[in-house]
Amino acid sequence: MDFPTYPSGLRLAGRRVVVVGGGSVAQRRVPQLIAVGADVHVVSPEVTPAIEGLVGSGEITWHQRGFEDADLDGAWYVIAVTDDPAVNERVGELAERQRIFCVRSDDATRGSAWTPAVGRHAGVTVAVLGNREPRRSVALRDEILEALREGRIAAPHHRERSPGVTLVGGGPGDPELISIAGRRAVMEADVVVADRLAPRELLGELPDDVELIDVAKLPRGRSAQQAEINRVIVERALAGKRVVRFKGGDNFVFGRGYEEVIACREAGVPVTVIPGLTSPVAVPAIAGIPVTHRGVTHEFTIVSGHLPPGHPESLVDYSALAQMRGTVVLMMAVENAASVAEALVTGGRKPGTPVAVVCDGTMPTQRTVLATLGTLGASIADERVQPPAIIVVGEVVRVAFPEAFPAPAADG
């Protein structure tokens, strides 16, 4: 009779675990053993570069030779993952005699233990055994972990419910591009304070009892003052609520997130930060534009263009920026794009420098408008570009769109 396995959690911290074999299967298993604190010994004449790196960092011990019977002395657990069935069989026989549980990669039915598909989240270990169907086990594990991370399955009374503020960077707009930690924080909040560039579809998934506060800042339109945003998040947290300040992009890249951190600290409110994919890097990438490229640029600069060059409050030195040879990424610059382009040309950038304007990055309405520094203002007007848009200036645009920007003719 084929009995089912008896699931049990092994506490292997500080205990000798032997892995016989140093190939790709061992490469998958060893990091899991390190993660639980096992004293890992790999026995193999050769190992993969990744395993050799673990040896070099002192995380495991490598016995650079073939398997010997004495290798199992003092072991609590053994994994036989060589490509030689005879060696695996010998390991299994010795393990059986010494009452050491043994996993065999070549024939699971001849081992005394099976390796489950394992994942961890918030102190919970999920292990799935699909009756020797590894793909099914992995698929089920991933479904369970995703549901845990997104808050779709949980034990409500065991959740951490301490009040405080979490700043969540939602990424450039597509709800698929928010981090797992960020999504979970949003779904577990009592109060969500959201701006207009945060992934809006996720707001429709909030539980009905979550308070949603709109603090949108519209270009040249209605705008929630930062002092009021600070007051709201602090007030709700002091009232015992779990507050998520939900932003587009990343909290600290022109997101004024650190002003909110300061406000919370001054009020004695616990505050944590979950970073987001920052739009000046992610949006060009989605549009097929690298912000750096070997042999083309060794630096990129992110600039806020919400103030025009020459404005008394502007902190950007456009003359210095123009002298740099790398990529310039402009945020919040649609209104001032023409004057920024003029300042860069005046400072030394060529009027023919390629420019890409990526509108509504990662959203269904995303489009890319191509121009040069000399034509940028006119192109934005002709194409009726509206915020949000990321403007990329530099030779990387030529790399991405060679057909639109042929390589300049060599001098002479």
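Structure: see above.
Residues numbered from 1 in each chain as written. Predicted model: local features only at pLDDT ≥ 70, side-chain atom pairs only at ≥ 80, totals over all residues. Heavy atoms only, no water.

A.B. asks: Could you give an account of the pattern of salt bridges, with specific residues and numbers?
C.D. replies: Enumeration according to the criterion identifies 19 salt bridges in this entry. In this structure, the salt-bridge partner of Glu 93 is Arg 90, at a minimum N-O distance of 3.9 Å. Linking Glu 93 with Arg 90, this pair stays in helix α3 (residues 85-97), spanning three residues, or about one helical turn. Under the relative-accessibility criterion, Glu 93 is labelled partly exposed at 35%. Arg 398 is the partner of Glu 395 in a salt bridge, and the nearest nitrogen-oxygen pair spans 2.6 Å. With Glu 395 and Arg 398 both in helix α13 (residues 395-400) and three residues apart, the pair spans about one turn of that helix. Classification of Glu 395 as partly exposed rests on a relative accessible area of 35%. Residues participating in the shared-partner salt-bridge network are Glu 211, Glu 228, Arg 231, Glu 235 and Arg 236. (Salt bridge = Lys/Arg side-chain N within 4 Å of Asp/Glu carboxyl O. Helix = DSSP H or I, 4+ residues; strand = E, 2+ residues; numbered from the N terminus. Buried < 20%, exposed > 50% of the residue type's maximum accessible area, 1.4 Å probe, protein only.)

A.B. asks: Run through the environment of Glu 46, naming residues and quoting values.
C.D. replies: With respect to the helices and strands, the residue Glu 46 is situated in the loop between β2 (39-43) and α2 (49-56). For the pair Glu 46 and Glu 68, spaced 22 residues apart in sequence, the C-alpha separation works out to 15 Å. When neighbours within four sequence positions are excluded, Glu 46 is seen to be in contact with Gly 22 and Trp 62. (Contact = heavy atoms within 4.5 Å.)

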